[in-house]
Amino acid sequence: MQPLRDNSDYYNQYIGNPDLKPSFSNSFSLSHNSYNFLKDMFMYQSLNFRFTQNAITNNRVVKPGFGQDGLPAHQYQRQFLQQFLGEAPALK
């Protein structure tokens, strides 16, 4: 990203960051679905995990009366874990 200032909007200016490294993400998912014929019930389970290295976020600097500057920056590691469980009767 080039260190040029985008000043097309006076109150929200954006500056490039040439020191950024590439961001890498890994995701893992595990899921299970089943149907019980005797109870006529559906059951589902899911587990998701995502790990991001060198995640890129925006760093905002607010200047009172002048607006704000935006600069891409690293948030070195980010982790996310999500789980779903449930059961429901079958639709008739």
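Keep in mind that what you see is a predicted model, and the values were worked out from it rather than measured.

Engineer: Explain the confidence of the model for the protein to me, please; I cannot follow it from the model alone.
Structural biologist: Reading fine detail from the predicted coordinates is not recommended where pLDDT is low. The predicted model of the protein averages 77 in pLDDT, with 72% of residues at 70 or higher. Strand β3 (residues 24–36) holds the highest mean pLDDT among the elements of the protein, 91, whereas strand β1 (residues 5–6) holds the lowest, 66.

Engineer: Please explain a nonpolar patch on the surface as it appears in this structure.
Structural biologist: A cluster of nonpolar side chains, namely F28, L30, L47, F49 and L81, defines an oily patch on the protein surface of about 520 Å² accessible area. Only β3 and β4 (41–63) provide two or more residues apiece to the nonpolar patch. Within the secondary structure, L30 sits in strand β3. Look at L30 and you get exposed, because its relative accessible area is 60%.

Engineer: Please explain the packing of aromatic side chains as it appears in this structure.
Structural biologist: Aromatic ring pairs are described here by two measures, namely the spacing of the ring centres and the angle between the planes. In total, this model carries two aromatic pairs according to the counting rule given. A ring pair is formed by Y35 and F37, whose centres lie 4.8 Å apart and whose planes are at 90°; its orientation type is edge-to-face.

Engineer: Help me understand the environment of F28, please; the structure alone is not making it clear to me.
Structural biologist: Tracing the backbone through its elements, the reader meets F28 in strand β3. According to the relative accessible area criterion, F28 is exposed, its value standing at 53%. Non-local contacts of F28, meaning those with residues more than four positions away in its chain, are made with L47, N48 and F49.

Engineer: Just checking my understanding: could you explain the side chain of T52 for this structure?
Structural biologist: Position of T52 relative to the elements: it lies in strand β4. For T52, a relative accessible area of 9% translates into the label buried. Looking at T52, its side chain comes within polar contact range of the side chain of S25, at 3.2 Å.

Conventions we followed
- Residues numbered from 1 in each chain as written.
- Predicted model: local features only at pLDDT ≥ 70, side-chain atom pairs only at ≥ 80, totals over all residues.
- Heavy atoms only, no water.
- pLDDT = per-residue confidence, 0-100.
- Helix = DSSP H or I, 4+ residues; strand = E, 2+ residues; numbered from the N terminus.
- Patch = residues over 30% accessible without salt bridge, like charges linked within 9 Å, V, L, I, M, F, W, Y side chains within 5 Å.
- Areas by Shrake-Rupley, 256 points an atom, 1.4 Å probe, with all protein chains shown as cover.
- Salt bridge = Lys/Arg side-chain N within 4 Å of Asp/Glu carboxyl O.
- Buried < 20%, exposed > 50% of the residue type's maximum accessible area, 1.4 Å probe, protein only.
- Phe/Tyr/Trp six-rings, centres within 6.5 Å; stacked < 30°, edge-to-face > 60°.
- Contact = heavy atoms within 4.5 Å.
- Polar contact = N/O pair within 3.5 Å; in protein donor to acceptor, adjacent residues only side chain to side chain.

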